[in-house]
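A structural walkthrough
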Amino acid sequence: MVEDRETVFTDDMVGFVERMLPEQVRWTASLLANIIGGRDVTMAPLVVGGRVAHVFMIFSEQLRPQDRQAVAFFAQLLAAAHERARMVRELQEHVGRLEETQAQLGQAQKMEAIGRMAAGIAHDFNNVVGAAQATLSHLESLLGALPDALPDEARDCMDDLTSALDRSVELTRSLATL
């Protein structure tokens, strides 16, 4: 019988459906049997993953019981095609997930490279700012020894330069944390 994974030939489809088919296919087969009537039918199980997944049916009064072997072979081919299609779908899903993971890895590597580049720029920029601060500090100490050596406008320019260098130090810290 079909649930035993054997090809079945019957000339009483309605009776066969009611007595022999597994529960999971009985309703559909019963509906079909009532539409078709009591014609001869050959049924072969399509075994996929160790279980009967579908039933292949041929309605013909010209098939003989000895044709079961050919029908069974064709059912095996259909089952193999069904299983291959399932495996292809699974493979496509796995490849899709792999491609997504690779894209995420590539993005993470880009971010890491940007972070390293920003840290390098911050380091080099900090060296330049440090040299400018040292020079400005030395200039202030030299000019501080000379009372009234600089007009107020020059002193304001030095204060603006000190503020700009302080902002540069903060910018460098922000870059380094990137």
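Predicted model only: the values in this text are computed from it and were never measured.

Moving on, we come to the nonpolar core. Residues Ala44, Leu46, Val48, Ala53, Phe56, Leu63, Val71, Ala75 and Ala79 constitute the largest nonpolar core, which totals nine residues. Elements with a minimum of two residues in this core: strand S2 (41-48), strand S3 (51-59) and helix H3 (68-144). Leaving out residues up to four positions away in the same chain, alanine 79 has contacts with Leu46, Val47 and Val48. Core analysis: the next-biggest nonpolar cluster, separate from the first, contains six residues, Val129, Leu136, Leu143 and Val169 among them.

Moving on to the environment of arginine 173. With respect to the helices and strands, arginine 173 occurs in helix H4 (residues 152-177). Taking the C-alpha atoms as reference points, arginine 173 and asparagine 126, 47 residues apart in sequence, are found 8.7 Å from one another. A distance of 2.7 Å separates a polar atom in the side chain of arginine 173 from a polar atom in the side chain of glutamate 170.

Positionally, glycine 130 belongs in helix H3. The class of glycine 130 is partly exposed, set by a relative accessible area of 30%. Note: C-alpha distance between glycine 130 and valine 169 (39 residues apart in sequence) is 8.4 Å.

Note that serine 168 resides in helix H4. The class for serine 168 is buried, based on a relative accessible area of 17%. Contact partners of serine 168, with chain neighbours within four places excluded, come to Phe125 and Val129.

We now examine the environment of valine 41. Secondary-structure assignment places valine 41 in strand S2. Owing to a relative accessible area of 0%, valine 41 belongs among the buried residues under this scheme. Residues valine 41 and phenylalanine 59, spaced 18 residues apart in sequence, show a C-alpha to C-alpha distance of 4.6 Å.

It is worth spelling out a negative patch on the surface at this point. A cluster of like negative charges, contributed by Glu140, Asp152, Glu153, Asp156, Asp159 and Asp160, occupies part of the molecular surface. Examining the composition of the negative patch, we find that five residues originate from one element, H4, more than from any other. Residue placement: glutamate 140 occurs in helix H3. The partly exposed category is assigned to glutamate 140, whose relative accessible area is 31%.

The next point concerns the pairing of S2. In terms of residue burial, S2 counts as a mostly covered element, since seven of its eight residues are buried. When S2 meets S3, the two strands line up antiparallel, connected through eight bridges. In the strand pairing of S3, valine 41 is matched with phenylalanine 59. Hairpin geometry of S2 and S3 is characterised by an intervening segment of two residues between the two adjacent antiparallel strands and by a positive phi of about 65 degrees at glycine 49.

Our focus in this paragraph is H3. The first and last C-alpha atoms of H3 sit 111 Å apart over 77 residues, in line with the 114 Å expected at 1.5 Å per residue. Listed as buried for H3 are Val71, Ala75, Ala79, Glu83, Gly115, Ala118, Ala122, Val129, Leu136 and Leu143. Here the buried face of H3 lies against S2, S3 and H4.

This brings us to the packing of H3 against H4. One can describe the packing of H3 onto H4 by two numbers: an axis separation of 9 Å at closest approach and a directional angle of 155 degrees. By the angle between their directions, the pair H3 and H4 is classed as roughly antiparallel. The chirality of how H3 crosses H4 is left-handed. Of the residues contributing to the contact of H3 with H4, the split by class is 16 nonpolar, five polar and three charged.

Rules used in this analysis
- Residue positions are given per chain, counting from 1 as you read along its sequence in written order.
- Reporting of local features is limited, given that this is a predicted model, to residues whose pLDDT is at least 70; pairs of side-chain atoms are given and counted only at 80 or more, and all residues count toward the totals for whole chains, interfaces and linings.
- As a rule here, side-chain values cover all heavy atoms of the structure and leave hydrogens and water aside.
- Only buried Ala, Val, Leu, Ile, Met, Phe, Trp, Tyr and Cys residues count toward a nonpolar core, and they belong to the same one when joined by side-chain atoms within 4.5 Å.
- When accessible area is computed with a 1.4 Å probe and restricted to protein chains, residues below 20% of their type maximum are described as buried, those above 50% as exposed, and intermediate ones as partly exposed.
- Numbered from the N terminus, helices here are DSSP runs of H or I no shorter than four residues, and strands are runs of E no shorter than two.
- Note on definitions: a residue-residue contact is assigned when non-hydrogen atoms from the two residues lie within 4.5 Å.
- Polar contact criterion, stated in full: a pair of N or O atoms within 3.5 Å, where within protein one must be able to donate a hydrogen and the other to accept it, and residues adjacent in sequence count only if both atoms are side-chain atoms.
- By definition, no residue in a patch forms a salt bridge, and every one has over 30% relative accessible area; like charges are joined within 9 Å, nonpolar side chains (Val, Leu, Ile, Met, Phe, Trp, Tyr) within 5 Å.
- Using the Shrake-Rupley algorithm and a 1.4 Å probe, accessible areas are obtained, with residue cover drawn only from the displayed protein chains.
- Throughout this description, the term salt bridge denotes a Lys or Arg side-chain nitrogen within 4 Å of a carboxyl oxygen of Asp or Glu.
- We treat Lys and Arg as the positive residues and Asp and Glu as the negative residues; His and chain ends play no part in the count.
- A charge is said to be at NZ when it belongs to Lys, at CZ for Arg, at CG for Asp and at CD for Glu.
- One bridge is not enough; two strands pair if DSSP finds at least two bridges between them.
- Working rule for helices: expected span equals 1.5 Å times residues minus one.
- Axis angles are defined between N-to-C directions and span 0 to 180 degrees, where every axis is a line fitted to C-alpha atoms and, for a helix, only to the segment in contact.
- Angle categories are assigned with fixed cut-offs, so that under 35 degrees is roughly parallel, over 145 is roughly antiparallel, 65 to 115 is roughly perpendicular, and the rest are oblique.
- Should the near helix be turned anticlockwise from the far one by less than a right angle, the crossing is left-handed, and should it be turned clockwise, the crossing is right-handed.
- When residues are sorted by character, Ala, Val, Leu, Ile, Met, Phe, Trp, Tyr, Cys and Pro go into the nonpolar class, Asp, Glu, Lys and Arg into the charged class, and all the rest, Gly among them, into the polar class.

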